[in-house]
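Topology and contacts: notes
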Amino acid sequence: MIFLRKQLSGVKIMVLTVERSPEQTKKATYSRTNPFRAEVLKNINLNGPGSSKETRHIELSLKDSGLSYVPGDCLGIIPENDPELVATLVKEMEWDGEELVTINKQGDALPLKEALSSHFEITLLTKKIVQQAAALTDNEELKKLAEPENVNELKEYMDGRDLLDLLRDFGPWHATAQEVVSLLRKMPPRLYSIASSFRANPDEVHLTIGAVRYNANGRERKGVCSVQCAERLEAGDTIPVFIQQNKHFNLPEAPETDIIMVGPGTGIAPFRSFIQEVSVNETRGKTWLFFGDQHSASDFLYQEELEKYMEDGVLTKLDAAFSRDTDQKVYVQHKMLENSQELYQWLEGGAYFYVCGDKQYMAKDVHETLITIIEKEGGVSRDEAEAYLNDLQKQKRYQRDVY
Ligand SMILES: Cc1cc2nc3c(=O)[nH]c(=O)nc-3n(C[C@H](O)[C@H](O)[C@H](O)COP(=O)(O)OP(=O)(O)OC[C@H]3O[C@@H](n4cnc5c(N)ncnc54)[C@H](O)[C@@H]3O)c2cc1C
């Protein structure tokens, strides 16, 4: 962190930049390709009894790693596959889990079980995997599915299915374990918005992770990383991580700038980081958080902390929307609309507007609602409201971290 003097509207102010100090940059030798094994300090479920969700609050130690981050950055985790799934694969294929298999072009080898646990992606099928697998069986059905003209049927088959499904569905296989693993891709890391401020928690990094569980094609499916974090990661364990900087999602340079944050569900994560950072800043602007989830009684993530921040004046406004508490579903965008006049005033006063969380529905609804608010409160046409929002985006005053 460094402080710079800046001239803004003729007034000299202290600006807190989000740059890393030269020492911080130099010390960090850990990276995506050389991850740091961070120790788990805490791992708790934030949801209360009766919730249909499981959201983990995880605290990791970065002690002696030289790693640091700024609010808005992400943490990458290199996950491991579910040991039960790996054991089922090895058993059903009658493989020897201790057999050495080559895992890359350089010829590095690992025992099969370890390779399936920590090196390869086994929960997702690709067109290439299925098409190449067709050469390893006499199964006519798979050979037909792998033909180029059946690409739509192939896509439909792959949706919600994994390697175990493929091997079960299209045997008998004339393939060695090596031939099968040679089809697989390397396990990709998962990214998580950091939920803590490094300045407020030196040497720690906190995450807010929603466990992904669903049923597809007659089998219970578990998200690789989120369920590992939920079911198989305890205090004292270590996990490989790296910092992924995010240059497109940062606090305003001038700390007295007002910020509006919309973060339902796990979308709250970077805003916990923002609020913690604001709490340790000497100069601060107003802060407004919109949070949303299903039930207030069981799903109000970080409720106590947020209420304390309200009491202490770190958080100026907190609006929460719960979609399953009433007959009519209430979402964050409804809370924005209820407060449309004030929200527009904040924007007109120079506030930054941030959105984090669900890309498919929430971020689109929030975007539409912003346009509606600008139209209504600014007395402008839809085109003009869109131009206003584009302009905010150009000024980096409308930032999104959606997934
Ligand atoms: C920049 C960024 C920041 C992120 N921040 C966070 C964060 O702070 N907290 C957080 O929890 N997540 C966050 N994510 C998402 C996170 O990276 C993972 O994608 C998520 O945890 C799932 O990973 P997984 O390994 O558990 O699941 P995977 O094994 O990767 O499985 C997920 C896949 O399962 C499938 N799937 C999921 N649900 C269903 C369903 N109901 N029906 C059918 N198929 C389904 C989908 O194909 C989905 O892509 C972020 C993502 C990005 C890109």
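Reading guide: rules and limits
- Residues numbered from 1 in each chain as written.
- Predicted model: local features only at pLDDT ≥ 70, side-chain atom pairs only at ≥ 80, totals over all residues.
- Heavy atoms only, no water.
- Axes fitted to C-alpha atoms, helices over the stretch in contact; angles between N-to-C directions.
- Helix = DSSP H or I, 4+ residues; strand = E, 2+ residues; numbered from the N terminus.
- Left-handed = near helix turned anticlockwise from the far one by under 90°.
- Contact = heavy atoms within 4.5 Å.
- Nonpolar A, V, L, I, M, F, W, Y, C, P; charged D, E, K, R; others polar.
- Disulfide = S-S within 2.5 Å.
- Buried < 20%, exposed > 50% of the residue type's maximum accessible area, 1.4 Å probe, protein only.
- Pairing = 2+ DSSP bridges.

A few points about the packing of helix α15 (residues 362–378) against helix α16 (residues 382–394)
In contact at an axis separation of 8 Å, α15 and α16 are set at 115° when each is read in the N-to-C sense. Two packed elements cross with a definite hand, and for α15 against α16 that hand is right-handed. Residues His367, Glu368, Leu370, Ile371, Ile374 and Glu375 of α15 touch α16, and the partners they reach there are Arg382, Ala385, Glu386, Tyr388 and Leu389. Considered class by class, the residues forming the contact of α15 with α16 number six nonpolar, one polar and four charged.

Quick look at the state of the cysteines
Under the counting rule described, the total for this entry stands at zero disulfides. With no disulfide of its own, Cys229 lies closest to Cys225 among cysteine sulfurs, the gap being 4.3 Å. You can call Cys229 buried: its relative accessible area is 1%. No disulfide involves Cys356; its nearest neighbouring cysteine sulfur is the one of Cys74, lying 8.0 Å away. Judged by its relative accessible area of 0%, Cys356 is buried.

Things to note about the pairing of strand β4 (residues 55–61)
Within β4, seven of the seven residues are buried, which leaves the element mostly enclosed by the surrounding structure. Every second residue of β4 is oriented toward a common face, with Thr55, His57, Glu59 and Ser61 on one face and Arg56, Ile58 and Leu60 on the other, all of them buried. Bridge count for strand β3 (residues 36–45) against β4 is six bridges, and the pairing is antiparallel. Within the sheet, the bridge partner assigned to Lys42 lies in β4 and is Glu59. The sheet contact formed by β4 and strand β9 (residues 204–210) spans seven bridges and is antiparallel. For Thr55, the partnering residue across the bridge sits in β9 and is Gly210.

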